[in-house]
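Survey of secondary and tertiary structure
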Amino acid sequence: QVQLVESGGGLVQAGGSLRLSCAASARTFSIYAMGWFRQAPGKEREFVAAISWIGSNTYYADSVNGRFIISRDNAKNTVYLQMNSLKPGDTAVYYCAAVSRWIRDYAKDADYSYWGQGTQVTVSS
């Protein structure tokens, strides 16, 4: 059983920064990619960023490109999301996701097999 445990959410003023972490706990879990998605009230879940475990290829939504940075620590099975220059529009529940097989579209949430419980990020104006 793979568990994804997120941390790092909270309340921050516009222009501020937060760093989210997500640790995957499973002794035999082989990660192919991990990603972050978010869901704001009344809106559908949307892709934020993703990273491949081999090669460290990164992918970003246009709305966060240049402000957010995704990184990973293979030894710890952990992915991070550094969020800078936060805007009120970034307010959402942020979910970590992981997959252990090849996927074509890193932005497609249906392709991810494992999900965290979500962490709230609130950006005040």
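Residues numbered from 1 in each chain as written. Predicted model: local features only at pLDDT ≥ 70, side-chain atom pairs only at ≥ 80, totals over all residues. Heavy atoms only, no water.

What to know about the overall build of the protein
A count of helical and extended segments in the protein gives 0 helices and 11 strands. Listed by position from the N terminus, the elements making up the protein come as β-β-β-β-β-β-β-β-β-β-β. Relative to its length of 125 residues, the protein is compact, with a C-alpha radius of gyration of 14 Å against a globular reference of 14 Å. Dimensions of the protein, computed from C-alpha atoms along their principal axes, come out at roughly 45 × 25 × 25 Å. By the burial criterion, 44% of the 125 residues in the protein qualify as buried. (Helix = DSSP H or I, 4+ residues; strand = E, 2+ residues; numbered from the N terminus. Rg over C-alpha atoms; globule rule 2.2 N^0.38 Å. Buried < 20%, exposed > 50% of the residue type's maximum accessible area, 1.4 Å probe, protein only.)

A look at the pairing of strand E7 (residues 68-73)
Consecutive side chains of a regular strand alternate in pointing toward one face of the sheet and then the other. The pairing of E7 with strand E8 (residues 78-83) spans 6 bridges and is classified as antiparallel. Bridge pairing links Ile69 to Gln82 in E8. Adjacent in sequence and paired antiparallel, E7 and E8 are bridged by 4 residues, among which Asn77 carries a positive phi angle near 50°. (Pairing = 2+ DSSP bridges.)

Remarks on the pairing of strand E5 (residues 46-52)
Of all 7 residues that make up E5, 6 are buried, and the element is covered over most of its length. Relative to E5, strand E4 (residues 33-39) runs antiparallel, the two sharing 6 bridges. Its bridge partner being in E5, Trp36 is matched across the sheet by Ala49. Where E4 folds back on E5, the antiparallel hairpin that results is connected by 6 residues, among which Gly42 adopts a positive phi of roughly 75°.

Some details on the state of the cysteines
Within the structure shown, the criterion is met by 1 disulfide. The disulfide bridge from Cys22 ends at Cys96, spanning 2.0 Å between sulfur atoms. Taking the sign of the S-S torsion, -80° for the link of Cys22 and Cys96, the bridge is left-handed. With Cys22 in strand E3 (residues 18-25) and Cys96 in strand E9 (residues 92-99), this pair connects stretches of sequence that are 74 residues apart. Its relative accessible area of 0% is what places Cys22 among the buried residues. (Disulfide = S-S within 2.5 Å.)

With respect to the side chain of Glu6
Along the chain, Glu6 falls in strand E1 (residues 3-7). Of the side chains with opposite charge, Arg45 comes closest to the buried, unpaired Glu6, at an N-O distance of 8.8 Å. Among the polar contacts listed, one links the side chain of Glu6 to the backbone nitrogen of Cys96, at a separation of 2.5 Å. When residues no more than four places from it in sequence are discounted, the contact partners of Glu6 are Ser21, Cys22, Trp36, Tyr94, Tyr95, Cys96, Gly116, Gln117, Gly118 and Thr119. (Lys, Arg positive; Asp, Glu negative; His and termini not counted. Salt bridge = Lys/Arg side-chain N within 4 Å of Asp/Glu carboxyl O. Polar contact = N/O pair within 3.5 Å; in protein donor to acceptor, adjacent residues only side chain to side chain. Contact = heavy atoms within 4.5 Å.)

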